[in-house]
Amino acid sequence: LNVNSAPQRQKLFYTDFGLKPIMSRAKKGEAPHVTCNDEALGTIALKNPLLRPLIRAIQEYRTIRVFLSTFIRMPLDIDDRMRTSYNICGTETYRLASSENAFESGGNLQNVPKGGEDDESDLVLPNMRTIFVPDPGFTFFDTDLSKADLRVVIWESDEGEMKAMLNEGRDPYIETAREFYNDPTITKRLPNGQDNPKYKIFKSFAHGTHYLGTAVGLSQRLGLTVHQAERTQKWYFGKYPKIKEWQLRFCEEVKRTRKVRNAFGYQRIYFDRISESTCREAIAWLPQSTVACVINRVWKNLFDHAPQIQVLLQVHDSLAGQFPTHRTAQCHEDFARLSRIVVPYPDPLIIPIELKTSEKSWGDC
C-alpha cells in the first residue's frame, strides 16, 4: 500500500474492506466527493475499532514522511542558517504569512510542530522545534500570549463570570469543565504529564462554540454525538448567556453594515452575500486580528527599546528568538515591561505574556 496515494487508500477501505464511503465536506466551488483523507481515517477508526492499529500505522507513516520532507530537508541558506520570508499582506487578520525566501531556501516556519500528542489522533509526534538552536552564549526564548483569543471573546461579550476567573488567575476552561462533568479533580494535564482528554475536548468545544460552531460540526470534529453537542451548547449558553447575546448582536451588525471592527479600530468589509459562513468568518476575524495587533506591538516595542533581544520568529500569537545568556535577568525585566499592550476596551484589557527559555533549543523552552 502506498499510504500517500488517495486512490489506493480508497480502494483498501471502501472496496477491499467494503466500508461505506465517506464524503468530503462541501466547499465553495467544490461539490462533496468520496474521500479517504486524514479526517475520514479518523472517522473510520472511531467506527471500526479492529482497524485502528492499521489506521494508526498509516497516519504515523504519512505524518513522519511530511515531517521529513517539510522540516528536516528544508533547504538552508549558504551560511547554514534557516530563514523565512514574511508577507505582511498574506492574511486578512494582520497575521504574517511565512514561506521560503527569494533564494528558494527556508520555508514556512509558523507551523513547526511542538511534538507530543496530536490533537486529531493518538499519535505521539516528534518535537521538530528542537532542530532550532541558539548561537553560542545565547539563550533561546519562546513567548506566548495567555488565552489570548478567549480573553478577546470575554471582553467583547463582557461575560462577567469568566472575566472574574481570569482576574483571579483561574482558567475558565478548567472551571467550566469541572462544573459540567461534576468532577472537581479536572486539571489541564494528567499526573503523567499528558493532556487531560476532558480538558482538551471541552476547550475545543468552547472555542468552536464561540465562533458559531454548530452542534453537527462540533460533533464531527470532537467525536461527540449530535445530541451530546446540542445538550452541551445549551448548558454552556445557559451558564454564560452574554456570549450568546454578543453573538446575536454581532451577526446582526455584520448583516446590517457588512463590516467588523476590532478594538484597535481596524475593520474588515465583506462584499459577498452575507451568510452564516460569512458571520463565522467575521467572528473569528475579530479575536485573531486583535491578537495579531497585540503581538506585533510587542515585537515593535522590543525592537525599539531592547535591541539585545533578537526576535527571530513571529508565530501568529507568539514570538521566538534569542538573547545573551549573561543578560537573562535584564531581558526578563524588559519582556515584562514591554509586553504590556493595552487593548482599548471600555474596561482595558492587557493580555499576559508567558516567557519560556532554554540554552539548548527552541523545542526545549
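Further up the page is the structure itself.
Nothing here was measured: the structure is a model prediction, and the numbers come from that model. (Residues numbered from 1 in each chain as written. Predicted model: local features only at pLDDT ≥ 70, side-chain atom pairs only at ≥ 80, totals over all residues. Heavy atoms only, no water.)

Participant: It is not clear to me how the nonpolar core should be interpreted in this structure. Could you clarify?
Facilitator: The tendency in soluble globular proteins is for nonpolar side chains to be buried side by side. In this structure, Leu145, Met162, Tyr236, Val294, Leu302 and Ile309 are the most contacted members of the largest nonpolar core, which totals 44 residues. The element contributing the most residues to this core is helix α11 (residues 276-305), with six residues. (Core = buried A, V, L, I, M, F, W, Y, C linked by side-chain atoms within 4.5 Å. Buried < 20%, exposed > 50% of the residue type's maximum accessible area, 1.4 Å probe, protein only. Helix = DSSP H or I, 4+ residues; strand = E, 2+ residues; numbered from the N terminus.)

Participant: Can you walk me through the pairing of strand β11 (residues 319-324) in this structure?
Facilitator: For a regular strand, side chains alternate in direction, first toward one face of the sheet and then toward the other. With six of its six residues buried, β11 lies for the most part within the structure. For strand β7 (residues 138-145) and β11, the ladder comprises five bridges, and the chain directions are antiparallel. Within β11, the residue paired with Thr139 across the bridge is Phe323. The hairpin formed by strand β10 (residues 310-314) and β11 contains four residues between the paired strands, and His316 there has a positive phi angle of roughly 65°. (Pairing = 2+ DSSP bridges.)

Participant: I tried to follow the sheet that holds β10 on my own but got confused; where do I start?
Facilitator: Paired through their backbone hydrogen bonds, the strands of a sheet run either parallel or antiparallel. With antiparallel pairing, four strands are arranged side by side in an open sheet as β10-β11-β7-β14. The sheet is open, and its two edges are formed by β10 and β14 (353-358), each paired on a single side. Strand-to-strand, the axes of this sheet are offset by a mean angle of 25°, without reference to chain direction. Where α11 meets the sheet, it contacts β7, β10, β11 and β14, and its direction lies at approximately 160° from that of β10. (Axes fitted to C-alpha atoms, helices over the stretch in contact; angles between N-to-C directions. Contact = heavy atoms within 4.5 Å.)

Participant: Which parts of the structure should I look at to understand the pattern of salt bridges?
Facilitator: When charged atoms on two side chains of opposite charge get close, those side chains can pair. All chains considered together, the criterion is met by 22 salt bridges. With its nearest N and O atoms 3.7 Å apart, the salt bridge here joins Arg268 to Glu281. Taken together, the residues Arg268 in strand β9 (residues 267-269) and Glu281 in helix α11 connect sequence positions 13 residues apart. A relative accessible area of 39% places Glu281 in the partly exposed class. Its salt-bridge partner being Arg337, residue Asp334 comes within 2.9 Å of it at the nearest N-O pair. Note that Asp334 and Arg337 are positioned in helix α12 (residues 328-338) at a spacing of three residues, about one turn of the helix. The class for Arg337 is partly exposed, based on a relative accessible area of 48%. One salt-bridge network, in which partners are shared between bridges, spans Asp158, Lys163, Lys242 and Asp347. (Salt bridge = Lys/Arg side-chain N within 4 Å of Asp/Glu carboxyl O.)

Participant: Teacher, can you tell me more about the side chain of Thr209 here?
Facilitator: On the secondary structure map, Thr209 appears in helix α7 (residues 197-210). When its relative accessible area of 1% is taken as the criterion, Thr209 is described as buried. When sequence neighbours within four positions are dropped, the list of residues in contact with Thr209 reads Leu218, Gln233, Tyr236, Phe237 and Gln247.

Participant: For this particular structure, what's the right way to read the packing of helix α6 (residues 172-181) against α7?
Facilitator: How two helices sit against one another is set out by the angle between their axes and by the gap between those axes. Where α6 contacts α7, the two axes come as close as 10 Å, and the packing angle between them is 105°. It follows from the interaxial angle that α6 and α7 lie roughly perpendicular. Residues Tyr173, Ile174, Thr176, Ala177, Phe180 and Tyr181 of α6 form the contact with α7, whose own contacting residues are Lys198, Tyr199, Ile201, Phe202, Lys203, Ala206, His207 and His210. Taken together, the residues that form the contact of α6 with α7 break down as nine nonpolar, three polar and two charged. (Parallel < 35°, antiparallel > 145°, perpendicular 65-115°, else oblique. Nonpolar A, V, L, I, M, F, W, Y, C, P; charged D, E, K, R; others polar.)

Participant: Would you mind going over helix α8 (residues 215-222) with me for this structure?
Facilitator: Note on helix geometry: an α-helix contains 3.6 residues per turn, so any two residues three or four positions apart are oriented the same way. What α8 keeps buried is the set Ala215, Gly217, Leu218, Ser219 and Leu222. The inward-facing, buried residues of α8 abut α7 and α9 (226-239).

Participant: I would appreciate a short explanation of the packing of aromatic side chains in the present structure.
Facilitator: Applying the stated criterion across every chain, the model contains 20 aromatic pairs. On the basis of an interplanar angle of 65° and a centroid distance of 6.2 Å, the ring pair of Tyr181 and Phe202 is categorised as edge-to-face. You can see Tyr181 sitting in helix α6 and its partner Phe202 sitting in helix α7, a full 21 residues away along the chain. Since its relative accessible area comes to 29%, Tyr181 is described here as partly exposed. On the numbers, 5.3 Å between centres and 70° between planes, the contact of Tyr236 with Tyr240 is edge-to-face. One exposure class covers both Tyr236 and Tyr240, and it is buried. Taken together, Phe180, Tyr181, Phe202, Phe205, Trp235, Tyr236, Phe237 and Tyr240 form an aromatic cluster joined through their ring pairs. (Phe/Tyr/Trp six-rings, centres within 6.5 Å; stacked < 30°, edge-to-face > 60°.)

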